[in-house]
Amino acid sequence: MIQHLPDHGLPLVQLKELRRDMVVALQRRSGPVVFEDLMRIAAVQAAISAFEDVISDLDAELEAAA
């Protein structure tokens, strides 16, 4: 049985799309990778991980309350 949990109104999908777009842009570059670009991708990844942790905690609270 698949249980559909709420999305909690967090921009997780948008962040994942942003990360993908940033990585694709890096792949299309012909020159060397700039450190600042890598740091931007790392910051987006850190935000994604933080949102996933929050969502996991919220889902666990919802399941415990049910």
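All values derive from a computational prediction rather than experimental measurement.

## Concerning the overall build of the protein
Then step 1. When helices and strands are counted, the protein shows 2 helices and 0 strands.
Then step 2. Looking at the protein as a whole, 15% of its 66 residues are labelled buried.
Then step 3. If you take every contact in the protein between residues at least 6 apart in sequence, the share linking residues at least 24 apart comes to 73%.

## Concerning helix H2 (residues 35-65)
Then step 1. For H2, spanning 31 residues, the distance from its first C-alpha to its last is 45 Å, which sits close to the expected 45 Å at 1.5 Å a residue.
Then step 2. Every buried residue belonging to H2 is among Asp37, Ile41, Val44, Ile48, Ile55 and Asp59, and all of these are buried.
Then step 3. Its buried side turned inward, H2 meets helix H1 (12-28).

## Some words on the nonpolar core
Then step 1. Within the largest apolar cluster, 8 residues are counted, these being Leu12, Leu15, Met22, Leu26, Ile41, Val44, Ile48 and Ile55.
Then step 2. Elements represented by at least two residues in this core include exactly H1 and H2.
Then step 3. Not counting residues within four places of it along the chain, the set of residues in contact with Leu12 comprises Ile48, Phe51, Glu52 and Ile55.

## Observations concerning the environment of Lys16
Then step 1. Structurally, Lys16 can be placed in helix H1.
Then step 2. Residue classification places Lys16 among the partly exposed positions, given a relative accessible area of 33%.
Then step 3. Linking Lys16 and Ile48, residues 32 residues apart in sequence, is a C-alpha distance of 7.1 Å.
Then step 4. Discounting residues that sit within four places of it in the chain, Lys16 has contacts with Ile48 and Glu52.
Then step 5. Here the side chain of Lys16 touches Glu52 through a polar contact of 3.2 Å, side chain to side chain.

Each value, and the rule that gives it
Residues numbered from 1 in each chain as written. Predicted model: local features only at pLDDT ≥ 70, side-chain atom pairs only at ≥ 80, totals over all residues. Heavy atoms only, no water. Helix = DSSP H or I, 4+ residues; strand = E, 2+ residues; numbered from the N terminus. Buried < 20%, exposed > 50% of the residue type's maximum accessible area, 1.4 Å probe, protein only. Contact = heavy atoms within 4.5 Å. Expected span 1.5 Å × (residues − 1). Core = buried A, V, L, I, M, F, W, Y, C linked by side-chain atoms within 4.5 Å. Polar contact = N/O pair within 3.5 Å; in protein donor to acceptor, adjacent residues only side chain to side chain.

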